[in-house]
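As a plain string of letters, each chain reads:
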Amino acid sequence: VSLPRCVQSCLKGSINSKSSQVKAWRDGYQQTFKPEVREMADKCVADHSAIYTMNNEMTNAFWQSALSFPVRNIDDAVKSLGERKDLKVLLLWGDKDRAVPLSPSYNRWVKLLTSQCTFETKIYKDVGHCFYEEVATEVLPDIRVFLEKY
């Protein structure tokens, strides 16, 4: 199962360039929002654009993984990742995530990932699903430390 075309367009736009990202967002995905939600969506695009400007490699890696990861049967995909001895995983989560709540989702992922792979985790306090935007100044160093370790 793939993501809806408008979401794929938005994500692919993010990978290509900041201007493509904004165009894909506004021409595709955002058009599905109710008018009262568009203001929040515009803020999200502006925040994401600022992060892209600060560190486009992180942004590209994030969206590339979003395009590649399955939407259905996610438990099977995560479990198969956890069985790889060669894999190093850093699981990051916002404790106020309402889209994918910490409980039970985080605990389920930890259980699925810890079988064989090298696994570390960090929970960011008082942030939601887009923690990588909300506390980018914390997230980037945490990722860097993890990458340098392995």
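Just so it is clear, the structure is predicted and the values come from calculations on it, not from any experiment.

**Looking at unusual backbone geometry**
With an omega dihedral of 15 degrees, the bond running from serine 103 to proline 104 counts as a cis peptide bond. Structurally, proline 104 is set in helix α6 (residues 102-113).

**As for the packing of aromatic side chains**
For the coordinates displayed, the defined rule picks out five aromatic pairs. With centroids separated by 5.7 Å and ring planes inclined at 80 degrees, the aromatic side chains of tryptophan 93 and tyrosine 106 adopt a geometry described as edge-to-face. Of this pair, tryptophan 93 sits in strand β1 (residues 88-94) while tyrosine 106 sits in helix α6, and the two are 13 residues apart along the sequence. Accessibility assignment for this pair places tryptophan 93 and tyrosine 106 in one class, buried. An angle of 80 degrees between the planes, with centres 6.0 Å apart, marks the rings of tryptophan 93 and tryptophan 109 as edge-to-face. Separated by 16 residues along the polypeptide, tryptophan 93 in strand β1 and tryptophan 109 in helix α6 bring together distant segments of the chain. Each residue in the set Trp93, Tyr106 and Trp109 is aromatic and connected to the rest through ring pairs, giving one cluster.

**Points about the pattern of salt bridges**
Scanning the entire structure with this criterion turns up five salt bridges. Between aspartate 86 and arginine 84 there is a salt bridge whose closest N-O contact spans 2.9 Å. Given the relative accessible area of 51%, aspartate 86 is considered exposed. A residue is classified by how much of its surface remains accessible, and arginine 84, at 37% relative accessible area, is partly exposed.

**Re the environment of cysteine 130**
Of note, cysteine 130 is situated in the loop between β2 (118-124) and α7 (131-134). Separated by 37 residues in sequence, cysteine 130 and tryptophan 93 place their C-alpha atoms 8.9 Å apart.

**Some details on the side chain of aspartate 97**
Along the chain, the position of aspartate 97 falls in the loop between β1 and α6. Although aspartate 97 is buried, it forms no salt bridge, and the closest oppositely charged side chain is arginine 98 at an N-O distance of 7.4 Å. Here valine 100 takes part through its backbone nitrogen, which lies 2.8 Å from a polar atom of the side chain of aspartate 97.

**Some thoughts on the confidence of the model for the protein**
Of all residues in the protein, 53% attain a pLDDT of 70 or more, and the chain-wide mean is 74. Mean pLDDT across the secondary structure elements of the protein bottoms out at helix α1 (residues 5-16), with 53, and peaks at β2, with 93.

**Re the pairing of β1**
The element β1 is extensively covered by neighbouring structure, given that five of its seven residues are classed as buried. In this region the chain leaves β1, passes through α6 and returns to the parallel neighbour β2; the handedness of that crossover is right-handed.

Rules of the game
- Residues numbered from 1 in each chain as written.
- Predicted model: local features only at pLDDT ≥ 70, side-chain atom pairs only at ≥ 80, totals over all residues.
- Heavy atoms only, no water.
- Helix = DSSP H or I, 4+ residues; strand = E, 2+ residues; numbered from the N terminus.
- Phe/Tyr/Trp six-rings, centres within 6.5 Å; stacked < 30°, edge-to-face > 60°.
- Buried < 20%, exposed > 50% of the residue type's maximum accessible area, 1.4 Å probe, protein only.
- Salt bridge = Lys/Arg side-chain N within 4 Å of Asp/Glu carboxyl O.
- Lys, Arg positive; Asp, Glu negative; His and termini not counted.
- Polar contact = N/O pair within 3.5 Å; in protein donor to acceptor, adjacent residues only side chain to side chain.
- pLDDT = per-residue confidence, 0-100.
- Right-handed = clockwise from strand over helix to strand, strands pointing away.

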